[in-house]
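# Coordinates in review
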Amino acid sequence: MSRVVNTDTLLGAAGLAASAVLLVSSYRQGATVFLLPGDAPPFLVPQLFLYLLAAISVAILLGGLRRGGVRLDARNWRAIGVGFATLVAATALMKPLGYLVVAPVAVFVTVLNLGYRNLLVNAAVSVGIVALLYLLLVSFAQMPLPTVPGLGI
Amino acid sequence: MGIDAFIAALGLLADPWAILIMLLATVVGMIVGALPGLGTVTALAMILPFTFVLTGPQAIGLLLAIYVSSVYGGSIPAILINVPGTPQSAATTFDGYPMAKAGKAAEALGWVTVASTIGGIFSMIVLVFAAPQLAALAVQFGSIETFALIVFSLTTIAWVSAGNPIKGLLAGVIGVILSTVGVDELSGADRFTFGNFALSAGFHVVPILIGLFALSEVFVTAGQGISTTAKPIISTGFKIARFRDWWAMKRTILRSSVLGTFLGVLPGVGATAASLIGYAQAKSASPNSENFGKGEPEGIVASESANNAVTGGALVPTLALGIPGDAATAVMLGALVIHGITPGFQLFNRNPDLVSFIFVALLVANIMMLIVGAMMAQVFSRVLKLPHALVMGGVVALSLAGSYVIRFSVLDVWVAVMAGISGLLLRYANVPLAPIVIGFILGTPLETNLRQGLIVTQMQPLKFLESPIAVGFFTLTLIVVLWPLLKRYLPKRRTID
């Protein structure tokens with residue numbers, strides 16, 4: 001297994017799978033569209049490019065298989081996972097809890113996750129940046145962000 | 001540009017808010033450009049949501065100032081810590097850092113700032129003359145010719161901008177496919193929405209940009225870990241060389257400015273290649289070539305005037321044809337469209353005052369870059385001392401807010417987060433991200449023109465070949481695609497001979 005798994009085989013396989021799923025979806029949705037004679041079908045370009053995506057993915061996959069034996073570089077996947085989970089949680093909670101609550105926590109956790117250990121400075125910067133952005137966007141530019149329930153800010 | 005249009009453009013710039021916004025944007029652009037890991041596209045992507053509350057000219061002024069100053073900003077860490085803030089300034093490290101180590105950081109910053117300004121203004125002058133001519137040529141373009149031009153540009157950008165052409169093409173194709181999500185404007189059919197009503201409006205370019213360039217950088221930083229040993233920053237100042245010394249560089253400046261402008265016009269080549277080629281050309285032509293790499297000011301001047309000359313050059317096809325030359329101008333193009341400005345012949349024909357404003361704003365942006373660079377070099381050296389983790393925290397806060405305010409939809413924040421993690425994985429797989437953005441922005445005009453062309457030719461695509469302009473672009477596309485194969489073949493033949 002380790003001989004065939006490298007970034008190119010993963011990329012090729014992912015591209016091929018995505019193109020297959022989207023092609024199936026396009027043919028299903030395309031069958032329900034009524035076309036006037038002489039009209040260009042709405043799925044023409046997507047399908048053209050999905051076939052191109054499939055062909056390129058196959059080329060990359062074959063290249064990866066032929067190359068083989070290339071190890072995936074060692075990365076700090078745990079830190080990436082924490083960073084991703086932080087953003088997913090922040091996005092999910094932004095509407096119910098409000099930007100002013102969620103964003104400072106997300107910034108604080110991100111900075112901590114990136115290895116910055118001065119908690120006081122981290123907390124001050126997290127709150128400061130978010131407050132500044134809030135003032136700029138909401139008060140100055142009149143662009144509302146999700147509000148904190150009960151507080152209206 | 002006529003004198004009336006020039007005066008009208010100055011009138012638009014007389015708005016004190018426009019000048020203040022450009023000044024602030026120049027400072028922000030320089031800071032973002034100076035911070036390693038971020039860059040021109042990230043700066044433009046993060047600032048784009050703020051332009052929604054500005055008038056068209058104010059927004060254009062802001063984006064041009066960010067564009068020009070962020071390219072320059074990358075040279076500051078290149079000189080002071082031997083790490084280019086943006087890839088465009090890689091060649092500046094060759095002589096900039098040795099100069100700084102020799103106690104000439106102030107001189108090096110002086111050379112860089114003035115050379116960047118000259119390169120930028122030179123390319124602006126070329127833009128003033130070339131863009132209207134190119135736009136006038138584009139009058140002959142119908143849907144078939146425009147389709148062929150987009151195919152050529154997209155293929156070239158994807159093929160040339162990447163180390164691996166196949167992966168560049170993959171990125172361009174992904175961009176086009178993403179642009180087709182949502183309700184089809186011509187038939188009203190839902191495409192790839194999977195029953196999700198929020199997806200009917202399709203993806204917006206800003207969350208994709210924020211995710212691909214800003215959030216993916218946060219993930220990359222997490223994956224690499226941040227070095228706790230900070231690079232020593234050489235104390236600095238700002239000193240402009242004597243006129244006599246500048247005069248001695250005139251050939252180098254002119255050569256690099258011409259080269260940078262020309263390479264900027266070509267799709268996909270970009271400022272990084274321009275600065276490296278400018279540097280190499282200067283080295284081969286200079287009588288001091290043995291000093292290159294040891295702190296020769298001519299090397300800095302060559303690379304910096306070339307990379308800043310790309311800014312005006314890349315705007316030529318962007319404004320005249322609506323075809324961006326690189327990722328940064330693709331963002332600019334997206335921003336113009338968001339503000340209801342459609343580049344191309346009609347822009348020059350119907351709105352000459354706005355076109356003149358763009359030219360004048362580019363000139364002002366370059367002059368501001370010179371002034372701010374000269375006054376704040378000391379401040380920028382302090383910015384480099386900011387812990388990178390805190391900078392990334394700021395990127396997260398800005399990304400969450402910036403992607404939300406585009407359409408006041410959490411879906412756009414999800415898109416940004418997903419684009420961020422996809423951007424990270426694509427970067428690990430050595431897939432360039434810029435062609436995704438360019439494919440996304442060119443996807444809609446590509447599809448519209450192809451379908452209109454097919455309707456005109458009664459669904460017979462071979463009739464596209466009856467247009468000589470289209471045949472020309474298709475031939476050029478083929479040459480670009482086959483060039484790597486031909487290049488591999490040609491040296492072999494020579495060896496056999």
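The rules behind each value
Residues numbered from 1 in each chain as written. Chains lettered and ligands numbered in written order. Predicted model: local features only at pLDDT ≥ 70, side-chain atom pairs only at ≥ 80, totals over all residues. Heavy atoms only, no water. Axes fitted to C-alpha atoms, helices over the stretch in contact; angles between N-to-C directions. Helix = DSSP H or I, 4+ residues; strand = E, 2+ residues; numbered from the N terminus. Parallel < 35°, antiparallel > 145°, perpendicular 65-115°, else oblique. Left-handed = near helix turned anticlockwise from the far one by under 90°. Contact = heavy atoms within 4.5 Å. Nonpolar A, V, L, I, M, F, W, Y, C, P; charged D, E, K, R; others polar. Salt bridge = Lys/Arg side-chain N within 4 Å of Asp/Glu carboxyl O. Buried < 20%, exposed > 50% of the residue type's maximum accessible area, 1.4 Å probe, protein only. Phe/Tyr/Trp six-rings, centres within 6.5 Å; stacked < 30°, edge-to-face > 60°. Buried area = accessible area lost by both parts, 1.4 Å probe. Polar contact = N/O pair within 3.5 Å; in protein donor to acceptor, adjacent residues only side chain to side chain.

## Observations regarding the packing of helix 2 (residues 16–34) of chain B against helix 4 (residues 56–73) of chain B
Residue and element names in this part refer to chain B. For the pair helix 2 and helix 4, interaxial distance at closest approach is 7 Å and the crossing angle is 30°. Overall, the two elements helix 2 and helix 4 adopt an arrangement that is roughly parallel. Viewed along their axes, helix 2 and helix 4 form a crossing whose handedness is right-handed. On the side of helix 2, the interface is formed by W17, A18, I21, M22, A25, T26, V28, G29, M30, G33 and A34, while helix 4 contributes Q58, G61, L62, A65, I66, S69, S70, Y72 and G73. Class assignment of the residues belonging to the contact of helix 2 with helix 4 gives a composition of 12 nonpolar, eight polar and no charged.

## Describing the environment of G73(B)
The residue G73(B) is located in helix 4 in this model. Spatially, the C-alpha atoms of G73(B) and V27(B) are 9.2 Å apart, while their sequence positions differ by 46 residues.

## A closer look at the pattern of salt bridges
All names here are of chain B. Applying the stated rule across the entire model yields nine salt bridges over all chains. Across the salt bridge formed by E447 and R451, the nearest N and O atoms sit 3.1 Å from each other. Of this pair, E447 and R451 both sit in helix 20 (residues 434–456), four residues apart, roughly one helical turn. As far as burial versus exposure is concerned, E447 and R451 are alike and both buried. Within this structure, D184, R191, E447 and R451 form a network of salt bridges that share partners.

## Description of the packing of aromatic side chains
Within this structure, the stated rule accounts for 13 aromatic pairs over all chains. Seen from their ring centres, W77(A) and Y428(B) are 5.6 Å apart, and the 90° between their planes marks the pair as edge-to-face. Of the two residues, W77(A) sits in helix 3 (residues 77–97) while Y428(B) sits in helix 19 (residues 410–428), which places them in two different chains. The interplanar angle of 70° and the centroid separation of 6.2 Å between the aromatic rings of F84(A) and F219(B) together place this pair among those described as edge-to-face. With F84(A) in helix 3 and F219(B) in helix 10 (residues 205–224), this residue pair bridges two chains. Of the aromatic side chains, those joined through ring pairs into one cluster are F94(B), Y279(B) and F292(B).

## Some words on the interface of chain B and chain A
By convention, interface size is frequently given as the accessible area that disappears when the constituent parts associate. Contact with chain B, which involves 62 residues of that partner, is made by 62 residues of chain A. For the pair chain B and chain A, the two sides together bury roughly 5,300 Å², of which 84% comes from carbon and sulfur. For the interface between chain B and chain A, the tally reads one salt bridge. One salt bridge in this structure joins K167(B) and D8(A), with 2.6 Å as the shortest N-O distance. On inspection of chain B and its partner chain A, the count reaches eight residue pairs in polar contact (both at pLDDT 80 or more). A per-element tally of the side of chain B that touches chain A places helix 18 (residues 388–405) of chain B first, with 12 residues.

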